[in-house]
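# Inside the fold
Here's the letter readout for the chains.
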Amino acid sequence: MAWLTQLPTGAKLFLILSAALLPLALIALFAARQTSEIANAQLESRTRAAANEGAHALDIELAGDMTALRVALYALDQDGEDVTSCARAQGIFAEQLAKGARFTIVANDGRVLCGTTAQIALPITIPDRPGLIAAAIGPDTGLLLAMGAPSGMLSAKAVFPITMLAQIARPAGFIPPYAATLIHDRQRLELQPLPELTPLDRTESASRPLSIDGLTFEIILRSAPITSAMVVAMLLPVMMWAAAAGIGWFVVDRLLIRPLRQLRTLVADYQPGEVLDIGLARSMPAQEIRDLGETFRTITDTVAAHEADLAQGLVRQTKLTREVHHRVKNNLQVISSLINFHARGAKSAEATAAYASIQRRVDALAVVHRNHFAEMEETRGVSLRSVIGDLASNIRATAPNSTGLSILLDLDSYLSTQDVATAVAFLLTEIIELAMMAHHDPALRISLKPATDAVDTGSTVGSARALLRISSPALVDTPKLQTELSERYGRVIEGLSRQLRSRLHHDPLVGAYEIPIAITGLD
């Protein structure tokens, strides 16, 4: 059901209302369908009863007439002059004759022995078996029945018109529109036509067999048509279900969800330090949302007051930090001056060199601190180019006059943290002093360029890096250089490289040290 949690609240509400109301809609729809099925069952029962009644009336009428005609036929077959039997048959057929029926008993030579003088010319095959009745349908005339005499010399035919058959087959007291049809060997004789049906009309049919030559009586009743009222009654439960779910969603969306979206947009556009304008929230229809908007306004008012206090505190802290930096810078300057003062009063060259070495390290720290203090307002980082440049100038200025020290700089503009800048300044001081101790006139080249993938940084820190390189013939591997590294400078240089979290690489043939350092960006 993870997909449900990702849907908007309005969609969730609509689905929940739909699921809750659907059983009620199905129950109402089932009840309406049951009512319709009951009406259909009643109609089907009436249709069967009408078919039974009409078939029974036709069976009685036709069987009675053909029985009287058979009696007359058999009598005339025995005695062609039996006028009494013919008169009796005419008496029985008197009512039918008045309604348009006709019958005739004829000999094989064409002589009419009884009944209508004009022969019935409808095509029909006389049965071979005596007493068996054959039937045929004339679409324009009606039903034709025929039988043969035992001697095979005489035959009897009777024609029953459509109007007479329709009157006989009409169910008693049956008023609704219906259709009645006699069926024989795929031929149909329509006794009672059904009014023209529309596409929405419904019918129910039933058929019953007659006892004469496979005749079948079929009746079709038209039930109540599918009117607009019936369609509405069937669709009303579904419409009510959809309307209830839609109205519920619409009300909740207008009263809750849409105002909440507007309030969310208002809060999302809020900037720290501002006071939330809840003019829109006050016009929302739900009192709870208006209260929520008022709560947000109170919170933003409190946040704005806190922001103002923080801003004032930051100003005070900045002033205090600047004061601390200023005092540290002054203290470092005092220390440098004291070292310089004591160096001038030293009794030996070794003491003077020691004071100079100490002063160079203090100057290295002072250079980093001065540059960091200069960048403090923007807090972008310490400019390595400025630090290394100032450091090189200070070292050249404090180098002994007897040393022909020269430093060439090739530096790209990079920024780093104060910790990295401090370690870089001390590392350069140590390596430059190492070169001064290993060679009388050292010439150094210091470069700061982008680090390449070919450089093995030896670091696990995933940050931007630049390659610091110090090269000089004085740094070529010599016994003097090895002695200075082992006795004094090697351990300090190694410790500073660990502080930079990189591997310091020394090329003894070229005379170069290089190490990747972390940077924070371009200056």
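That block above? That's the structure.
Residues numbered from 1 in each chain as written. Predicted model: local features only at pLDDT ≥ 70, side-chain atom pairs only at ≥ 80, totals over all residues. Heavy atoms only, no water.

## A few points about the nonpolar core
- Among the nonpolar cores identified, the biggest contains 47 residues, and Leu 143, Leu 145, Leu 191 and Phe 217 are the most heavily contacted of them.
- Apart from the residues lying within four places of it in its own chain, the contact partners of Leu 145 are Leu 62, Met 66, Ile 124, Ile 133, Ala 134, Ala 135, Ala 156, Lys 157, Ala 158, Phe 160, Ile 212 and Leu 215.
- Val 367, Ala 423, Ala 466 and Ile 470 belong to the second-largest nonpolar core, a separate cluster that totals 46 residues. (Core = buried A, V, L, I, M, F, W, Y, C linked by side-chain atoms within 4.5 Å. Buried < 20%, exposed > 50% of the residue type's maximum accessible area, 1.4 Å probe, protein only. Contact = heavy atoms within 4.5 Å.)

## Here's the deal with a nonpolar patch on the surface
- On the surface, Phe 14, Leu 15, Ile 247, Trp 249, Phe 250, Val 251, Leu 255, Leu 256, Leu 260 and Leu 292 cluster together into a nonpolar patch covering about 830 Å² of accessible area.
- Take the nonpolar patch: its biggest share by element is seven residues, from helix H6 (residues 228–268).
- With respect to the secondary-structure elements, Leu 260 resides in helix H6. (Patch = residues over 30% accessible without salt bridge, like charges linked within 9 Å, V, L, I, M, F, W, Y side chains within 5 Å. Areas by Shrake-Rupley, 256 points an atom, 1.4 Å probe, with all protein chains shown as cover. Salt bridge = Lys/Arg side-chain N within 4 Å of Asp/Glu carboxyl O. Helix = DSSP H or I, 4+ residues; strand = E, 2+ residues; numbered from the N terminus.)

## Remarks on the packing of helix H11 (residues 418–438) against helix H12 (residues 479–499)
- Look at H11 against H12: their axes get within 9 Å of each other, and the N-to-C directions meet at 175°. Relative to H12, the element H11 lies roughly antiparallel. Along its contact with H11, which presents Asp 419, Ala 423, Phe 426, Leu 427, Glu 430, Ile 431, Glu 433, Leu 434, Met 437 and Ala 438, the element H12 presents Lys 480, Leu 481, Glu 484, Leu 485, Arg 488, Tyr 489, Val 492, Ile 493, Leu 496 and Gln 499.
- Taken together, the residues of the contact of H11 with H12 sort by class into 13 nonpolar, one polar and six charged. (Axes fitted to C-alpha atoms, helices over the stretch in contact; angles between N-to-C directions. Parallel < 35°, antiparallel > 145°, perpendicular 65-115°, else oblique. Nonpolar A, V, L, I, M, F, W, Y, C, P; charged D, E, K, R; others polar.)

## Some remarks on the pairing of strand S7 (residues 187–192)
- With five bridges joining them, strand S6 (residues 178–184) and S7 adopt antiparallel strand pairing. Counterpart to Ile 183 in the pairing with S7 is Arg 188.
- Taking the residues that link successive antiparallel strands as the turn, the S6-S7 hairpin has two residues, and the phi of Asp 185 there is positive, at about 50°. (Pairing = 2+ DSSP bridges.)

## Considerations on the state of the cysteines
- Considering all chains together, one arrives at one disulfide under this definition.
- The disulfide bridge from Cys 86 ends at Cys 114, spanning 1.9 Å between sulfur atoms. Note on the Cys 86 and Cys 114 pair: the S-S dihedral is about 95°, so by sign convention the disulfide is right-handed. Highlighted residues: Cys 86 in helix H3 (residues 83–92) and Cys 114 in strand S2 (residues 112–115), separated in sequence by 28 residues.
- We classify Cys 86 as buried; its relative accessible area is 10%.
- Residue class for Cys 114 comes out buried when judged on its relative accessible area of 3%. (Disulfide = S-S within 2.5 Å.)

## Details of the sheet that holds strand S15 (residues 505–507)
- Taken in spatial order, the five strands line up as S11-S13-S14-S16-S15 in an open sheet, and their pairing is mixed. On the outer flanks of this sheet lie strand S11 (406–411) and S15, each paired with one strand and no other. Geometrically, the sheet is characterised by an average inter-axis angle of 15° between neighbouring strands, direction not taken into account.
- Pairing between S11 and strand S13 (residues 443–450): six bridges, direction parallel. The residue bridging Leu 409 from the neighbouring strand is Ile 446, located in S13.

## Remarks on the sheet that holds strand S10 (residues 382–383)
- Spatial strand order, S10-S12-S17: three strands in an open sheet with antiparallel pairing. Among the strands making up the open sheet, the edge pair consists of S10 and strand S17 (521–522).
- In this structure, strand S12 (residues 414–416) lies alongside S17, joined through two bridges in antiparallel fashion. Residue pairing for S17: Tyr 414 is matched across the bridge by Leu 522.

## Notes on H11
- In this model, H11 (21 residues) spans 30 Å end to end at C-alpha, consistent with the 30 Å of a helix rising 1.5 Å per residue.
- Burial analysis of H11 places 17 of its 21 residues in the buried class, the great majority of the element. (Expected span 1.5 Å × (residues − 1).)

## Examining the side chain of Ser 472
- Within the fold, Ser 472 resides in the loop between strand S14 (465–471) and H12.
- Residue Ser 472 is classed as buried on the basis of its relative accessible area of 3%.

## Quick notes on the environment of Gly 131
- As for its placement among the helices and strands, Gly 131 is situated in the loop between S2 and strand S3 (134–138).
- As for Gly 131 and Leu 73, which are separated by 58 residues in sequence, their C-alpha atoms are 9.7 Å apart.
- In contact with Gly 131, other than residues within four places in its own chain, are Arg 70, Tyr 74 and Gly 148.

## Overview of the environment of Val 424
- Positionally, Val 424 belongs in helix H11.
- Take Val 424: its relative accessible area is 1%, and that puts it in the buried class.
- Expressed as a C-alpha distance, the spacing of Val 424 and Leu 384, which sit 40 residues apart in the sequence, is 8.6 Å.
- The contacts of Val 424, once residues within four sequence positions are left out, are Ile 388, Leu 468, Leu 500 and Ile 517.

## Some remarks on the pattern of salt bridges
- Taken as a whole and judged by the stated rule, the model has 10 salt bridges.
- Here Asp 109 ties to Arg 111 by a salt bridge, and the two come within 2.8 Å at their closest N and O atoms.
- Take Arg 111: its relative accessible area is 46%, and that puts it in the partly exposed class.
- Residues Arg 445 and Asp 410 are paired through a salt bridge, measuring 2.9 Å at the closest nitrogen-oxygen approach.

In short, shape yes, function no, at least from these values alone.
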